[in-house]
Amino acid sequence: SQTIHQWPATLVQPVGSPLSLECTVEGTSNPNLYWYRQAAGRGLQLLFYSVGIGQISSEVPQNLSASRPQDRQFILSSKKLLLSDSGFYLCAWTGDNYGYTFGSGTRLTVV
Amino acid sequence: AQSVAQPEDQVNVAEGNPLTVKCTYSVSGNPYLFWYVQYPNRGLQFLLKYITGDNLVKGSYGFEAEFNKSQTSFHLKKPSALVSDSALYFCAVRDRSGGSYIPTFGRGTSLIVHP
């Protein structure tokens, strides 16, 4: 069966520090992968998506970047965090079932 | 273009009563429609989807939704609400013919079930 792993679950980072959030998918190949941010426990903002290794599309220009070094690995990064980067980050993938499967999320607090 | 609206920020219902969480959509062609649930500090969990076929879709935890093409709606329903159903619910739509594989999510509806 397919599973998605996202870590860490919570993270507190100082302003100006780097960020690396990792997401991996098991049990499938060539998934479409996505990073979302959810602010204030409500709407989802699509940040990046990837349809294959090294292929990244950015939906919102900002302080973050994404990479896909392997087929089932998707990484969200920042060189210098801002206070406004705080939020709940969700990784997701889609395959043949038309819908999303989400990871458990990372609560990032920038202090 | 595709869009989805969840007109209610919050729905309150008493335990044991039926519940409805509303969703309307707009697509150029025919839609794929989804409902997800989110508990605090967790990822979204898939509840059900409409792809094609029967307009009444049954999903997890006793939830169901009815696809109404004429009203462009996909309301989520449950005959008898539980306190444990209290969560944030998201409707999503994807246009089959639009060429995009990225669903559009509604803003979410907070369901509160009172004991």
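Draft legend 1. Here's a closer look at the overall build of chain A. If you tally the helices and strands in chain A, you get zero helices and 11 strands. Relative to the compact-globule value of 13 Å for 111 residues, chain A shows a C-alpha radius of gyration of 13 Å, a close match. Its C-alpha atoms give chain A principal-axis dimensions of about 40 × 25 × 20 Å. When each of the 111 residues of chain A is scored for burial, the buried share is 47%. Counting only carbon and sulfur atoms, one obtains 51% of the accessible surface of chain A, whose full area is about 5,100 Å². Across chain A, the 7 positively charged side chains and the 6 negatively charged ones have centroids separated by 10 Å.

Draft legend 2. Quick peek at the interface of chain B and chain A. Taken residue by residue, the interface counts 22 residues in chain B and 21 residues in chain A. For the pairing of chain B and chain A, the buried interface totals around 1,700 Å² over both sides, and the portion due to carbon and sulfur atoms is 57%. Among the residues chain B hides against chain A, the three largest losses belong to B:L44, B:Y101 and B:I102. Together they make up 29% of the total. Along the contact surface separating chain B from chain A lie zero salt bridges. In this structure, the connection of chain B to chain A is made through four residue pairs in polar contact (both at pLDDT 80 or more). Of all the secondary structure elements, the ones that give two or more residues to the side of chain B that touches chain A are β5 (31-38), β6 (44-50), β10 (87-95) and β12 (109-114) of chain B. Considering every element that reaches the side of chain B that touches chain A, the biggest residue donor is β5(B), with four residues. For the side of chain B that touches chain A, the class distribution of residues is 11 nonpolar, six polar and five charged.

Draft legend 3. Structural view of the pattern of salt bridges. All names here are of chain A. Applying the stated criterion to the full structure yields four salt bridges over all chains. Across the salt bridge formed by R37 and D85, the nearest N and O atoms sit 3.9 Å from each other. Note that R37 is positioned in strand β4 (residues 32-38) and D85 in the loop between β8 (73-78) and β9 (87-94), a separation of 48 residues in sequence. The buried category is assigned to D85, whose relative accessible area is 3%. The partner of D71 in a salt bridge is R68, and the shortest N-O contact between them spans 3.3 Å. Residue classification places R68 among the buried residues on the basis of a relative accessible area of 3%.

Draft legend 4. Examining the packing of aromatic side chains more closely. In total, this model carries 16 aromatic pairs over all chains according to the counting rule given. For the pair B:Y36 and B:F105, a centre-to-centre distance of 5.7 Å together with 45° between the ring planes defines the contact as tilted. Pair noted here: B:Y36 is in strand β5 and B:F105 is in strand β11 (residues 104-105), with a separation of 69 residues, a long-range link. Judged by its relative accessible area of 1%, B:Y36 falls in the buried class. Chaining the aromatic ring pairs together yields one cluster made of A:Y34, A:Y36, A:Y49, A:Y100, A:F102, B:F34, B:Y36, B:F46 and B:F105.

The rules behind the values
- Residues numbered from 1 in each chain as written.
- Chains lettered and ligands numbered in written order.
- Predicted model: local features only at pLDDT ≥ 70, side-chain atom pairs only at ≥ 80, totals over all residues.
- Heavy atoms only, no water.
- Helix = DSSP H or I, 4+ residues; strand = E, 2+ residues; numbered from the N terminus.
- Rg over C-alpha atoms; globule rule 2.2 N^0.38 Å.
- Buried < 20%, exposed > 50% of the residue type's maximum accessible area, 1.4 Å probe, protein only.
- Areas by Shrake-Rupley, 256 points an atom, 1.4 Å probe, with all protein chains shown as cover.
- Lys, Arg positive; Asp, Glu negative; His and termini not counted.
- Charge placed at Lys NZ, Arg CZ, Asp CG, Glu CD.
- Contact = heavy atoms within 4.5 Å.
- Buried area = accessible area lost by both parts, 1.4 Å probe.
- Salt bridge = Lys/Arg side-chain N within 4 Å of Asp/Glu carboxyl O.
- Polar contact = N/O pair within 3.5 Å; in protein donor to acceptor, adjacent residues only side chain to side chain.
- Nonpolar A, V, L, I, M, F, W, Y, C, P; charged D, E, K, R; others polar.
- Phe/Tyr/Trp six-rings, centres within 6.5 Å; stacked < 30°, edge-to-face > 60°.

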